[in-house]
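Examination of the molecular architecture
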Amino acid sequence: MAYRRTPAVQARLDAQAGLIVQAATKVLSRGGYAALSMAAVAAEAGVATGTVYKNFDGKADLVRAVFRKVVAREVAAVAAAGAHGTALERVTAAVETFAGRALKNPNLAYVLLAEPVDAIVDSERLHFRRSFAETFESAVAEGVSRGELPPQDPRISAAALVGAIGEVLVGPLADAPHGEFVVPELIAFAIRALGVRDNPGADGARLESGVSDADA
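In this report, we go over the structure that sits alongside the text. (Residues numbered from 1 in each chain as written. Predicted model: local features only at pLDDT ≥ 70, side-chain atom pairs only at ≥ 80, totals over all residues. Heavy atoms only, no water.)

Let's talk about the overall build of the protein chain
Looking only at helices and strands, one finds nine helices and two strands in the protein chain. For the protein chain, the N- to C-terminal ordering of α and β elements is α-α-α-α-α-α-α-α-α-β-β. Counting every position in the protein chain, which comprises 216 residues, the buried fraction comes to 40%. Partitioning the intrachain contacts of the protein chain with sequence separation of at least 6 by distance along the chain shows that 63% fall at a separation of at least 24. Summing over all exposed atoms, the protein chain offers an accessible surface of approximately 11500 Å²; the carbon and sulfur share of this is 55%. (Helix = DSSP H or I, 4+ residues; strand = E, 2+ residues; numbered from the N terminus. Buried < 20%, exposed > 50% of the residue type's maximum accessible area, 1.4 Å probe, protein only. Contact = heavy atoms within 4.5 Å. Areas by Shrake-Rupley, 256 points an atom, 1.4 Å probe, with all protein chains shown as cover.)

Thoughts on the packing of aromatic side chains
Throughout the structure, instances matching the rule amount to two aromatic pairs. Ring geometry for F98 against F132: centres 4.4 Å apart, planes inclined by 5°, an arrangement best described as stacked. Of this pair, F98 sits in helix α5 (residues 87-104) while F132 sits in helix α7 (residues 119-145), and the two are 34 residues apart along the sequence. With relative accessibility at 2%, the residue F132 sits in the buried group. Each ring, one from F128 and one from F132, has its centre 4.8 Å from the other, and the planes form 80°; the classification is edge-to-face. Of this pair, F128 and F132 both sit in helix α7, separated by four residues, roughly a single helical turn. With a relative accessible area of 2%, F128 lands in the buried category. Cluster of aromatic residues (ring-pair linked, three or more members): F98, F128 and F132. Across the ring face of Y33, the terminal group of K59 is positioned such that the distance to the ring centre comes to 4.2 Å. (Phe/Tyr/Trp six-rings, centres within 6.5 Å; stacked < 30°, edge-to-face > 60°. Lys NZ or Arg CZ within 6 Å of the ring centre and 35° of its normal.)

Structural notes on the environment of A45
Along the chain, A45 turns up in helix α2 (residues 38-45). It is 8.8 Å that separates the C-alpha atoms of A45 and V21, two residues lying 24 residues apart in sequence. Those residues in contact with A45 that lie beyond four places of it in its chain are L19 and A23.

Take a look at the structure:
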């Protein structure tokens, strides 16, 4: 008869795996993917290296688990920030949250966004970007339907925004210290990219229609 784990045993194993993932997250936050090893994680978690291997097949498997945990948390934060308001308010809040949180933990964000990793981890990175894009896509689609944004493909615009934000953050994250202007500039870029521009002297922003101020 095959051995079946009791709920108590499974709970203990799950807690142990969670502790190891938490330790791996700390190691990644300090030194990035290149600095992570099973031994380093074991030391951080206060367990034997063999215990880490009992829970995860290797470094890539462990980092994939970190990605899934951290990404779920970050995506939830961005989705919550961009859940309400006009299209511009939602996009602004999402960009501010996405970039702002990344800049608070640059080493870990660099791992998530750009550091060279194993192929199995890189596939998680693609999922990570698609998840973030869904928040922007929803805001853009609603903005177009309400006439707040000019006609465009929400999915393409969302993917382009996430790609651009990630590309900009790679520099500040990899070459710290970064300037405080990064997040405001990203917000301004996102608004322009969606077809809206500030119009000083008017009531807020307006759609980019191709008509000059002189002709308006």
